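# A structural walkthrough
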Amino acid sequence: MELFEWQGKRTEILDKLKPKHVTITPDEYLEAVEITCKRQATYAVARVRDKRLTAFAAHLYGTLGEYAAAQTREGAVVSTVVCHGHGDTEVADVTLPDGRGVEVKSTRFGGSGVNMIIEPGKFLLERLHCLVIVNTSLIDQCLVYPMIEGESFREHHEMRDFGYGLKMALRAEQIVLIAANERMEARYGPCPAFSSLWA
């Protein structure tokens, strides 16, 4: 494939991969509240050490983000609640129809400078990763970024300190570019002559 043709196809894919606005349904909202209550109770009983108990609202934003991400790929939110003090990495947040697991990272902060942030000890290479921005004014409205491979996240992330220790971080604007390149390489193979397209 010629370079100009490769670029044209990539532009088409980029247009399709723009973050999607998703509306949480009333039923999904009720399910999210129920799951969040169970998770909150589990963490309290397990007395998860080295981490403070997250506020209910913050947990709820995370669960709503999972429902939003699931909508974009016909996935299902995993309602399993971990019953011990090892956190929640043992189960994925969302499972897709093909069986793959997705780690969803939700944030309430929109605008510039948004990052997908992951605790270094909780990064799982085999899972897809998805960033969701939850609107705190209209809590049923979410902005979902395309899912990317764990390998891509590992390759392009930075270690940053946001005031609570070093975290693995990937800027939101990079995610669409990375997702586009993943899909281009899967369909048409790599384009070494234009490797700078990688974020």
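Our subject is the structure that appears above.
Let me begin by describing the structure that accompanies this report. (Residues numbered from 1 in each chain as written. Predicted model: local features only at pLDDT ≥ 70, side-chain atom pairs only at ≥ 80, totals over all residues. Heavy atoms only, no water.)

## Observations regarding helix 3 (residues 56-72)
Helix length check: helix 3, at 17 residues, gives a terminal C-alpha distance of 25 Å against a target of 24 Å (1.5 Å per residue), a fit within 8%. With 12 of its 17 residues buried, helix 3 lies for the most part within the structure. Those residues of helix 3 that sit buried are His 59, Leu 60, Tyr 61, Gly 62, Thr 63, Leu 64, Gly 65, Glu 66, Tyr 67, Ala 68, Ala 69 and Ala 70. Phi turns positive, to about 55°, at Glu 74, one or two residues after helix 3. (Helix = DSSP H or I, 4+ residues; strand = E, 2+ residues; numbered from the N terminus. Expected span 1.5 Å × (residues − 1). Buried < 20%, exposed > 50% of the residue type's maximum accessible area, 1.4 Å probe, protein only.)

## Describing the sheet that holds strand 7 (residues 141-144)
In space, the six strands of this open sheet follow the order 1-7-6-4-3-2, with mixed pairing throughout. Each having just a single partner strand, strand 1 (20-23) and strand 2 (76-77) make up the two edges of the open sheet. Sheet topology places strand 6 (residues 128-134) next to strand 7; three bridges connect them, and they run antiparallel. Residue pairing in the sheet places Ile 133 in a bridge with Leu 143 of strand 7. Along the sheet, helix 3 contacts strand 1, strand 2, strand 3 (94-95), strand 4 (101-107), strand 6 and strand 7; its crossing angle with strand 4, the most-contacted strand, is approximately 130°. (Pairing = 2+ DSSP bridges. Contact = heavy atoms within 4.5 Å. Axes fitted to C-alpha atoms, helices over the stretch in contact; angles between N-to-C directions.)

## Looking at the side chain of Asp 93
In this structure, Asp 93 sits in the loop between strand 2 and strand 3. One buried charged residue, Asp 93, remains without a salt bridge, the closest side chain of opposite sign being Arg 39 at 5.0 Å. Separated by 2.8 Å, the side chain of Asp 93 and the backbone nitrogen of Val 104 make a polar contact. Residues within four places of Asp 93 in sequence aside, it is in contact with Glu 66, Ala 76, Val 77, Val 78, Val 102, Glu 103 and Val 104. (Lys, Arg positive; Asp, Glu negative; His and termini not counted. Salt bridge = Lys/Arg side-chain N within 4 Å of Asp/Glu carboxyl O. Polar contact = N/O pair within 3.5 Å; in protein donor to acceptor, adjacent residues only side chain to side chain.)

## Considerations on unusual backbone geometry
Positive phi is not limited to glycine here, since Glu 74 has a value of about 55°. With respect to the element layout, Glu 74 can be found in the loop between helix 3 and strand 2. Glu 74 gets classed as exposed once you look at its relative accessible area, which sits at 69%.

## Thoughts on the pairing of strand 4
Most of strand 4 sits out of view: five of its seven residues are buried. Note: strand 3 against strand 4, two bridges, orientation antiparallel. Residue pairing across strands places Val 94 opposite Val 102, the latter belonging to strand 4. Between strand 3 and strand 4, which pair antiparallel in sequence order, lie five residues; one of them, Gly 99, sits at a positive phi of approximately 95°. Pairing of strand 4 with strand 6, which is carried by six bridges, proceeds in the parallel orientation.

Spatial relationships are all this shows, so hold off on functional conclusions.
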